[in-house]
Amino acid sequence: MRRLALAVPVSLLLACVAAPPANWARGGALLDLPRARWVLGDLAVDVMPDGKILVNGEHELNVDRGGRVYGLSAEPVALLEVDGRVTGPNDDALGQIGVLHAALPGEANAWLTVAHTGAVIRYGEDGEREPFGVWSGCAVTPRAHQTCTLLTHLLGLRIRKIERQRAGAPVQLGPGVVPFP
C-alpha cells in the first residue's frame, strides 16, 4: 500500500478561506457522530462522539450533526448539503456523497465506497477496485455511516491530490497534518 505524506498545517490550508458555504449557518444533512476509526496504512482517523476528528492522535478538525466540517478555530472546511452535495468555502463543489458512496465533483459515478463491513474501496479511472483502508464503528446508523463516508471523501480528495502532484511517489503520513482540502 502506498504511504502518503500530508504536510500542510491547518492554518495554511484555511488561511485563504473567504466565505463559508451559503447554507453554513442553517446547516445541511443530519449526521450521527459515532466513535469510529479509519485506518489506512500509517494513517488513523478517529471520529469522537463530541465531533472531534483526530488524525494520528492529533485534534485536527471537527464535524457536527448539521453536516458541517470545520477547523479548530471554527473556520469552514466543508458542508454536506441535504441533497448529498458537498460544498466548500466560497461554495466550491467538492463532490456528492450518499451513505455508502462518494463521487468526485462533476462526476456521476462513485470514486469510493465505504461498504457496510467498513472496507473502503477506491475506484481507479479504469474502474479497477483498490483497497483504501477500513472503518470500524460506522455501522451504528445510516447517518453515522454517512459521517464516515463524508470524512473518507474529504480525506481521499487530499490524498488523491497529493498522489497526482507526486505522480504516485510513496510518502509517509504523519501526525499534526490536516489532509482535508
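Quick caveat: nothing in here was measured; it's all calculated off a predicted structure.

Criteria and cut-off values
Here the residue numbers are simple positions, counted from 1 along each chain's written sequence. Local features in this predicted model are restricted to residues whose pLDDT is 70 or higher, and side-chain atom pairs enter the listing and the counts only when it is 80 or higher, whereas totals over whole chains, interfaces and linings include all residues. Excluded from the side-chain calculations are hydrogens and water; all other atoms, namely the structure's heavy atoms, are used. The pairing criterion for strands is at least two bridges between them, as found by DSSP. Only DSSP runs of H or I covering at least 4 residues are called helices, and only runs of E covering at least 2 are called strands; the numbering of each starts at the N terminus. Angles here are taken between N-to-C directions and fall from 0 to 180 degrees, while the axes themselves are lines fitted to C-alpha atoms, restricted in helices to the stretch in contact. Residue types Ala, Val, Leu, Ile, Met, Phe, Trp, Tyr and Cys, when buried and joined through side-chain atoms within 4.5 Å, form a set referred to as a nonpolar core. Type-normalised accessible area, obtained with a 1.4 Å probe on protein chains alone, sets the label of each residue: buried when under 20%, exposed when over 50%, and partly exposed for intermediate values. By definition, residues are in contact when any of their heavy atoms lie within 4.5 Å. A residue's pLDDT is simply how confident the predictor is in it, with values from 0 to 100.

S.K.: With reference to specific residues and values, describe the pairing of strand β12 (residues 129-136).
M.R.: Pairing of strand β1 (residues 36-40) with β12 involves three bridges; the strand directions are antiparallel. Bridge assignment links valine 39 to a residue of β12, and that residue is valine 134. Hairpin remark: strand β11 (residues 119-123) followed by β12, antiparallel, with five residues in the connecting loop; positive phi at glycine 127, about 85°.

S.K.: Mind laying out the sheet that holds strand β2 (residues 43-47), listing which residues take part and the relevant values?
M.R.: Ordered by their spatial adjacency, 12 strands build a closed barrel running β1-β2-β3-β4-β5-β6-β7-β8-β9-β10-β11-β12, and the pairing between neighbours is antiparallel. Strand-to-strand twist of the sheet, defined as the mean angle between neighbouring strand axes without regard to direction, takes the value 20°. Pairing geometry for strand β5 (residues 68-70) and strand β6 (residues 76-80), over three bridges, is antiparallel. Residue arginine 68 lies in a different strand from β6, and its bridge partner there is leucine 79.

S.K.: Got a sec to walk through the nonpolar core? Specific residues and values, please.
M.R.: If you look at the biggest cluster of nonpolar residues, it comprises 36 residues, and the most contacted ones within it are Trp38, Val69, Val86, Trp135 and Leu150. Of all the elements, helix α2 (residues 142-166) adds the most residues to this core, at seven residues. Setting aside residues no more than four positions away along its own chain, valine 86 makes contact with Ala78, Leu79, Leu80, Asp92, Ala93, Leu94, Gly95, Ile97, Leu150, His153 and Leu154.

S.K.: Pulling in residues and values, what's your account of the confidence of the model for the protein?
M.R.: Confidence in the prediction of the protein, expressed as mean pLDDT, is 86, and 82% of residues score 70 or more. Mean pLDDT in the protein bottoms out at helix α1 (residues 10-14), which sits at 44, and peaks at strand β9 (residues 101-103), which reaches 98.

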